Amino acid sequence: HGVSIVNVGHTGLRRFARIFQRREPDKDGVITVPVACVADMDVMPDCAPALIGKVKEGDSWPDKAKRGWRAKSDFTEEKMAARREGIRQRASGQYVESFVSDEWTLEYDLAYSGLVEDVWIAAHLARAGDRINAGTRGKGAVEKVAKRRFEVLTAQNPPKDQLASKVYALFTTGKEASKAIAAQYLSERLERRVKDGELTAETLKACLPLYLVTAIEYVAPFSGENGAAKQNEAEAHE
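Residues numbered from 1 in each chain as written. Predicted model: local features only at pLDDT ≥ 70, side-chain atom pairs only at ≥ 80, totals over all residues. Heavy atoms only, no water.

## Some thoughts on unusual backbone geometry
Positive phi, close to 60°, is recorded for Asp-42, a residue that is not glycine. Relative to the helices and strands, Asp-42 is located in the loop between strand S1 (35-39) and helix H3 (48-51). The phi angle at Asn-157 is positive, at roughly 50°, despite the residue not being glycine. Here Asn-157 shows up in the loop between helix H7 (139-155) and helix H8 (160-169). (Helix = DSSP H or I, 4+ residues; strand = E, 2+ residues; numbered from the N terminus.)

So, in structure tokens, the structure goes:
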């Protein structure tokens with residue numbers, strides 16, 4: 001679809017967004033290239049601090065002013081909405097739009113929205129990445145172990161936010177899984193599931209966080225359902 005995906009790391013999105021924004025749009029016009037900035041909300045569920053090692057189980061949280069993380073109980077619904085809007089506005093304007101995670105951060109949101117087992121397995125593969133590349137550990141064996149552990153975990157019927165937090169803990173505790181390497185394993189796994197007929201475009205879309213779907217549709221408006229008809233309609237108006 002001609003869409004470029006650019007990783008800007010931890011650098012503020014605003015400085016990159018400004019590349020596509022005219023200083024004087026009334027005088028110079030605007031750059032009519034749709035740009036979607038994808039940002040984390042960075043507010044974790046209340047169950048997460050103990051699960052990802054921020055605090056010990058049962059301990060009180062440090063005072064909010066003395067910690068660099070935030071949880072949902074730190075906010076009212078109004079303040080949460082204001083935080084989301086503040087993040088959105090930092091890099092939005094003209095043809096640039098920011099899309100803020102529905103819950104916490106990308107990996108958590110993917111697990112929370114419907115790809116929990118896929119992200120769990122991808123994280124285990126990333127943790128074993130060195131041994132897999134060295135040929136001392138097979139990917140299939142790692143996947144089997146990950147699936148067994150996932151079955152044990154889900155047999156306890158944990159709440160949705162707790163389950164997704166335990167998945168995210170694989171990236172923050174113990175032998176931390178690399179997010180970049182896990183992303184490669186996740187994309188490979190999803191491609192295989194599509195090829196095997198386990199997933200279609202629509203069922204995969206239903207498993208994704210809404211903010212990601214909206215961001216994709218913003219930059220690729222003809223890639224979804226009835227795309228060809230929309231493309232023809234757009235060309236007819238040009």
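## What to know about a nonpolar patch on the surface
On the surface, a nonpolar cluster with roughly 330 Å² of combined accessible area is contributed by Phe-16, Ile-19, Phe-20 and Val-33. The residue Val-33 is located in the loop between helix H2 (25-28) and S1 in this model. Judged by relative accessible area, which is 42%, Val-33 ranks as partly exposed. (Patch = residues over 30% accessible without salt bridge, like charges linked within 9 Å, V, L, I, M, F, W, Y side chains within 5 Å. Areas by Shrake-Rupley, 256 points an atom, 1.4 Å probe, with all protein chains shown as cover. Salt bridge = Lys/Arg side-chain N within 4 Å of Asp/Glu carboxyl O. Buried < 20%, exposed > 50% of the residue type's maximum accessible area, 1.4 Å probe, protein only.)

## Let's talk about the side chain of Thr-105
Considering the arrangement of structural elements, one finds Thr-105 in the loop between strand S2 (96-100) and helix H5 (106-127). The exposure class assigned to Thr-105 is buried, which follows from its relative accessible area of 3%. In this structure, Thr-105 is in contact with Asp-40 and Tyr-168, ignoring residues within four places of it in sequence. (Contact = heavy atoms within 4.5 Å.)

## With respect to the side chain of Asp-74
Structurally, Asp-74 is set in the loop between H3 and helix H4 (77-90). Engagement of the side chain of Asp-74 in a polar contact is seen with the backbone nitrogen of Ala-71, the distance being 2.9 Å. Asp-74 has contacts with Lys-64, Arg-67 and Trp-69, leaving out every residue within four places of it along the chain. (Polar contact = N/O pair within 3.5 Å; in protein donor to acceptor, adjacent residues only side chain to side chain.)

## A look at the packing of H5 against helix H9 (residues 179-195)
Running from amino to carboxyl end, H5 crosses H9 at an angle of 105°, the nearest separation of the two axes being 8 Å. One way to sum up the angle between H5 and H9 is to call them roughly perpendicular. Residues Glu-107, Leu-110, Leu-115, Asp-118, Val-119, Ile-121, Ala-122, Ala-123, Leu-125 and Ala-126 of H5 lie in contact with H9, whose contacting residues are Lys-179, Ile-181, Ala-182, Tyr-185, Leu-186, Arg-189, Leu-190 and Arg-193. Residue composition of the contact of H5 with H9, grouped by class: 13 nonpolar, no polar and 5 charged. (Axes fitted to C-alpha atoms, helices over the stretch in contact; angles between N-to-C directions. Parallel < 35°, antiparallel > 145°, perpendicular 65-115°, else oblique. Nonpolar A, V, L, I, M, F, W, Y, C, P; charged D, E, K, R; others polar.)

## Considering helix H11 (residues 210-219)
Those residues of H11 not exposed but buried are Tyr-211, Leu-212, Val-213 and Ala-215. Looking at the packing, one finds that the buried side of H11 touches S1, S2, H5 and helix H10 (201-207).

## Comments concerning the nonpolar core
Counting residues in hydrophobic clusters, the biggest one holds 43 residues, and the most contacted among them are Met-44, Trp-104, Val-119, Trp-120 and Phe-171. Secondary-structure elements contributing two or more residues to this core are H5, H7, H8, H9 and H11. At 12 residues, the largest contribution of residues to this core is made by H5. Look past the residues within four positions of Trp-104 in its chain and what remains in contact with it is Asp-40, Met-41, Asp-42, Val-43, Met-44, Pro-45, Ala-48, Ile-52, Asp-109, Ser-165 and Tyr-168. Listed in part, the 6 residues of the second largest apolar core include Ala-39, Val-43, Ile-87 and Val-100. (Core = buried A, V, L, I, M, F, W, Y, C linked by side-chain atoms within 4.5 Å.)

## Comments concerning the environment of Ala-122
Position of Ala-122 among the secondary structure elements: in helix H5. Separated by 55 residues in sequence, Ala-122 and Ala-177 place their C-alpha atoms 8.9 Å apart. With sequence-adjacent residues up to four places away left out, Ala-122 is seen in contact with Ala-182, Tyr-185 and Leu-186.

## As for the pattern of salt bridges
Across all of its chains, the model carries 11 salt bridges by this definition. Arg-192 is the partner of Glu-143 in a salt bridge, and the nearest nitrogen-oxygen pair spans 3.3 Å. A residue pair is termed long-range when its members are at least 10 positions apart, and Glu-143 in helix H7 and Arg-192 in helix H9 qualify at 49 residues. Accessibility expressed as a relative area gives 13% for Glu-143, which makes it buried. In this structure, the salt-bridge partner of Arg-193 is Glu-198, at a minimum N-O distance of 3.0 Å. Overlapping salt bridges bring together Asp-118, Arg-189, Arg-193 and Glu-198 as one network.

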